Amino acid sequence: MKNGILLCAIALISSNFNAIANDAKLSNFIGIGISDKSGSSVALKFTPPDETGWSEKNSGLSVTLKNSNDSEDNNREIEAYLMRVEAPISPISGYIETMRRNILEGVANSKRFKVNALEITEDSKDARCVRLHLLLEGIEAEPVTKQKRWSEQYALSCGLHKRKGLGFELRYYHRYLDSNKDLQLREKAVKIIESVVIQDD
């Protein structure tokens, strides 16, 4: 998780690298990545939601999607970014435990949320990756409606084999009150996660 809770995105563009253009949009993909003059490249691409209202914002080696139909008490966000990994991806168990520790330590001092559920498992489709489900429960209720606040996310976190120490993460967030819980959130998030293609040439 970004923003001090988990792993941070990095800006890794040097004089030998150029940002890869989002030409993948033409085939309904969104992508981020870098390439060098030799043609070697590293990139992540995914299929955006098939819904109206989503907008895309690129910043360095990250991309964020938000939905204009959302409100402060019911909003969704998808982000993908290149990052430095804090543990080797082999063995994957060590990678998982590092993620778990970082999340729990990061949330421990929060005055707004506590961990309600946390699940991190090896991705059965890609040995470089793990899947995460995190549900944060608000400590204080929303003052007007007295409903509980929630912050829920599904994520894919992957290390790279050829560029050790680097990796990608994609996260699908939903922040909501009790009455706005999306019972199809997991289905929507998994669809995005399973569309991910990682290039590590």
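See above for the structure.
Computed from a predicted model, the values in this text were never measured in an experiment.

### Considering the nonpolar core
Counting 28 residues, the largest nonpolar core has Leu-44, Phe-46, Phe-168, Leu-170 and Ile-198 as its most contacted members. Listed by contribution, the elements that provide at least two residues to this core are β2 (30-36), β3 (41-46), β5 (62-67), β6 (74-84), β9 (149-159), β10 (166-177) and α2 (185-193). Phe-168 has contacts with Ile-32, Val-42, Ala-43, Leu-44, Tyr-81, Leu-82, Met-83, Leu-156, Ser-157, Cys-158, Leu-160 and Ile-198, leaving out every residue within four places of it along the chain. Counting residues in each nonpolar core, the second largest holds 19 residues, with Val-85, Ile-103, Val-130 and Leu-134 among its members.

### Some words on the sheet that holds β6
Strand order in this open sheet of 7 strands is β4-β5-β6-β10-β9-β8-β7, and the pairing throughout is antiparallel. Every interior strand has two partners, whereas the edge strands, β4 (54-59) and β7 (113-122), have only one. Going from strand to strand, the sheet's axes swing by 15 degrees on average, the running direction of each strand aside. Sheet analysis places β6 next to β10, joined by 11 bridges and oriented antiparallel. Within the sheet, the bridge partner assigned to Arg-76 lies in β10 and is His-174. Here helix α1 (residues 92-108) sits on the sheet and contacts β6, β7, β8 (129-138), β9 and β10; the angle it forms with β7, its principal contact strand, is near 175 degrees.

### Observations regarding the pattern of salt bridges
Summed over all chains, the structure comprises 14 salt bridges. Close ionic contact of Arg-149 with Asp-73 constitutes a salt bridge, the shortest N to O distance being 3.3 Å. Taken as a pair, Arg-149 in strand β9 and Asp-73 in the loop between β5 and β6 lie far apart in primary sequence, 76 residues in all. Residue Arg-149 is classed as partly exposed on the basis of its relative accessible area, which comes to 25%. Between Arg-131 and Glu-194 there is a salt bridge, and its shortest N-O distance comes to 3.4 Å. Placement of the pair is Arg-131 in strand β8 and Glu-194 in the loop between α2 and β11 (197-200), with a sequence separation of 63 residues. Residues joined in a network through salt bridges with shared partners are Asp-123, Lys-125, Arg-131 and Glu-194.

Calculation notes
- Residues numbered from 1 in each chain as written.
- Predicted model: local features only at pLDDT ≥ 70, side-chain atom pairs only at ≥ 80, totals over all residues.
- Heavy atoms only, no water.
- Core = buried A, V, L, I, M, F, W, Y, C linked by side-chain atoms within 4.5 Å.
- Buried < 20%, exposed > 50% of the residue type's maximum accessible area, 1.4 Å probe, protein only.
- Helix = DSSP H or I, 4+ residues; strand = E, 2+ residues; numbered from the N terminus.
- Contact = heavy atoms within 4.5 Å.
- Pairing = 2+ DSSP bridges.
- Axes fitted to C-alpha atoms, helices over the stretch in contact; angles between N-to-C directions.
- Salt bridge = Lys/Arg side-chain N within 4 Å of Asp/Glu carboxyl O.

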